[in-house]
Every structure is written in structure tokens, then in C-alpha cells.
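# Coordinate analysis (summary)
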Amino acid sequence: MKTIGFACTAANEPLAPFHFERRALRPNDIALEILYCGVCHSDLHWARNDWGWTVFPAIPGHEIVGRVVDAGPAVTRYKIGDHVAVGCMVDSCQHCDQCRKGEEQLCREGNTGTYGGFDRFTRDHTLGGYSKHLVVREEFALRIPAGLDLARAAPLLCAGITTYSPLRTWNVGPGSRVGVVGLGGLGHMAVKLAAGLGAHVTVISRSPGKAEDALALGADALLVSTDADAMAKAANSLDLIIDTVPVKHDLNPYMPLLDVDGTLVIVGQIGLLPEPTTVPLVLGRRRIAGSPIGGIRETQEMLDFCAKKNILPDVEMIAMDQINAAFERLEQSDVRYRFVIDMASLAVGA
Ligand SMILES: [Zn+2]
Ligand SMILES: [Zn+2]
């Protein structure tokens, strides 16, 4: 299938129109016309080769909402015209213990990334959702529940599931006390989802100016991390902290905020941290953990939960050719809270 996307051909090049072919359908594949694609911080890292292993030409995008336009003969879950979503992975081994448990993101053989991965049959480099079409095996497509706003749903596929999964892993519900560090794409979803699950939610921010935003998103309180008195008073007051900060940062100020057996879970920074002290860990039986996206079953559960509770990201819609400017603004955290590309702005013949 001939299609078009926006690709970068080198780390210092802007994204530009790129013509390419999606694979012919295998029996269990569906083809989508992509309607919307969210812009994740990982997309920026990938396009700029910040991790050092980008394969060019690269097409980012793993918050994908589309319409089924074709289906292989063995497809049973979807039919032409259905609205579906695809997140950060498009395949996994399907037979290891983690895959059998529905935790494909933790596949023992590694899941196949929606971009930057390698097709398990052809070894072709996978290309993401900044494009007009996508071909994916049906097991890795999610059903968009009726009533969920298609444009605003896109960021749920990475920012949503990345914050929902740890909330479920640590059994957050009514009575839980949840802290959220960082109020960007992931952080604002953590606030909405934790509040939706019935938790008492505290946003922890360096800036007192974030109070109005935090409360508007559904948080119950703002804790200013530069206010030593307030931080001391808040000791032992949280069961779970979701830390969404995507850069190297100091965890030490946050650990005393956890109650006994409390956990700080990292979902943003992938890489080095400054030296954490073990004092609050050992003396308070506290934990530092990490969590990557979520499995397919849990992602569907999250979409259904968001539809039921009317939880949606706050988004700013852009046209495909505004992506380079959007990347620059994303780097300055100048977006509330997620860019979404309206793929109608990209014509196949462009
Ligand atoms: Zn992402
Ligand atoms: Zn597996």
C-alpha cells in the first residue's frame, strides 16, 4: 500500500513529507487510515537520535487513532469502518509467560515498537503514526469505545496507559493518596486517571503557580516542593507517587513524602538519576519502582474506563506540517498538555 508520512532523514533535519509503502496485509492484519496521532516526548527523542539508536529515515508517532479500511481473511475482531487505536507496540512473541498473562509490553523476547522496532517476519524497520496509513496485526489494535472523542483519545495510547498501568498495579482506588510529579502530557493524565479512580491526588511542583491548573485537572492539592515547611508537614502522607519527569532529576526530596510501604514509580526518565540516598527507603520501608506502558488487555480496560468516566486529555490540535514548530514548543514544555496531529491535513498526493 503506497502512503505518505512525515519522516526525518537525519538527526539534525526537520521532519518532511516522505512517500513509502506499508506491507501487504497478512491474514490477521488490518489496515487503518490514521485520523489522529498524538505527539509524545519520545517522538522528539527518537527524531533527534537522543538515545543514539535511531534508524533513519524515521517516522515517529505511537498514539494512533484510525478507521479500518481493509482486513485480512483471518481477521475476526474488526471490520471495515471500525474506529481503532494503536499504541506503542505492534507485536510481541505471543507465547512467553508475560505475553500469555497479557503483559506484552514485558515480552521476554522484546515487544515490537510501533516505530523503531523491526518486523518479526521481514525484519523491516517499523514506521510510526505520523502517516496516512498503518498496517497492524489485529491483536495489537484497540477498540475505541462509542462516545470517546476520537481526536482527544489519541494521547491515551501512550500518556494514558503509561500512567494508568501503575495506578492499577499499586491498586489505587477510593482512599488512596497519590502524588504526581511533573504536570506535562503524562502528569496531567496521571492526575485525571487517579482522580477518576477515586484517589486523593496531590500535584508536587516547584512552582506555586501550578495550583490553578492542578485543581482544574482534578487534583485535590498542590504541594510546592521548594517550600521546606510544606514538604516537612507532608511527610508520610502519600501511598504512591507517579514521577513523570522525563529528564535526570533528584528523587531524594520526594521519598520522605511516602508512608510506610509507599512506592515512587518512575514513568518518565529512562536513564541516569543523581545518587538517591537509601535512608528513607530503609528506615521507612519505602520503594522506588519503574513501569513501562501497559499490556493490550489493560490498555483496552483504560480506554473503556475513560469512556465511562469521560476522562480525556487536554489537547492542542495541529496540522502535520506544523510538527517541527510543535517539537520546539514541546521542548520548552509549551503545550497544555498534548499536541495531536489532525491527519486530514496530510494528503496522500502531497
Ligand atoms: Zn510515548
Ligand atoms: Zn512474549
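The shown structure was predicted, so the numbers you read here are calculated from the model rather than taken from an experiment.

## With respect to the overall build of the chain
Looking only at helices and strands, the chain features 10 helices and 17 strands. Taken against the 2.2 N^0.38 rule, which gives 20 Å for 350 residues, the C-alpha radius of gyration of the chain at 20 Å falls within 12% of a compact globule. Based on the C-alpha atoms only, the size of the chain along its principal axes is roughly 60 × 40 × 35 Å. Relative to its full complement of 350 residues, the chain shows a buried share of 46%. Once local pairs closer than 6 in sequence are excluded, the contacts in the chain between residues at least 24 apart make up 67%.

## A few points about the UniProt feature "domain: Enoyl reductase (ER)" (unreviewed entry) in the chain
Mapped onto this numbering, the UniProt entry annotates "domain: Enoyl reductase (ER)" (unreviewed entry) at residues 10–341. Taken end to end, residues 10–341 comprises 24% helix and 25% strand; its first and last C-alpha atoms sit 22 Å apart.

## Here we look at the domain arrangement of the chain
You can read the domains of the chain as domain 1 (2–158 + 294–345) and domain 2 (162–290). For the side of domain 1 that touches domain 2, the leading source of residues is helix H9 (residues 296–309), giving 3 residues. For the side of domain 1 that touches domain 2, the class distribution of residues is 7 nonpolar, 3 polar and 4 charged.

## Considerations on the nonpolar core
Membership of the largest hydrophobic core comes to 98 residues, with the highest contact counts inside it found for Ala85 and Ala194. At 7 residues, strand S3 (residues 29–39) tops the list of elements feeding residues into this core. Look past the residues within four positions of alanine 194 in its chain and what remains in contact with it is Leu167, Val172, Val178, Ala199 and Val201.

## Points about helix H5 (residues 185–196)
In an α-helix, one turn spans 3.6 residues, which is why side chains three or four residues apart end up on the same side. Taking 1.5 Å of rise per residue, the 12 residues of H5 would be expected to cover 16 Å, and the 17 Å separating its terminal C-alpha atoms lies within 8% of that figure. Most of H5 sits inside the fold, with 10 of its 12 residues counted as buried. Listing the buried residues of H5 in full gives Gly185, Leu186, Gly187, His188, Met189, Ala190, Val191, Lys192, Leu193 and Ala194. Once H5 finishes, glycine 198 follows within two positions and takes phi at roughly 100°, a positive value.

## With respect to the environment of proline 166
The topology assignment puts proline 166 in helix H4 (residues 159–169). Given 26 C-beta atoms within a 10 Å radius, proline 166 is considered buried. Residues proline 166 and glycine 262 lie 96 residues apart in sequence; the distance between their C-alpha atoms is 13 Å. The residues contacting proline 166, other than those within four sequence positions of it, are Ile242, Val265, Val267 and Ser291.

## Considering the sheet that holds strand S12 (residues 221–224)
Strand order across the open sheet formed by 6 strands is S12-S11-S10-S13-S14-S15, with parallel pairing between neighbours. Of all the strands in the sheet, just S12 and strand S15 (287–290) have a single pairing partner and so form its edges. Strand-to-strand twist across the sheet, computed as the mean angle between neighbouring axes with direction ignored, equals 25°. As paired elements, strand S10 (residues 177–181) and strand S13 (residues 238–243) share 4 bridges and run parallel to each other. Across the sheet, the residue bridging to valine 181 is aspartate 243, located in S13.

About the criteria used
Residues numbered from 1 in each chain as written. Chains lettered and ligands numbered in written order. Predicted model: local features only at pLDDT ≥ 70, side-chain atom pairs only at ≥ 80, totals over all residues. Helix = DSSP H or I, 4+ residues; strand = E, 2+ residues; numbered from the N terminus. Rg over C-alpha atoms; globule rule 2.2 N^0.38 Å. Buried ≥ 20, exposed ≤ 12 C-beta atoms within 10 Å, placed from the backbone. Contact = placed C-beta atoms within 7 Å. UniProt positions renumbered as here; feature names shortened; annotations may be inferred. Domains from an automatic or database assignment. Nonpolar A, V, L, I, M, F, W, Y, C, P; charged D, E, K, R; others polar. Core = buried A, V, L, I, M, F, W, Y, C linked by C-beta atoms within 7 Å. Expected span 1.5 Å × (residues − 1). Pairing = 2+ DSSP bridges. Axes fitted to C-alpha atoms, helices over the stretch in contact; angles between N-to-C directions.

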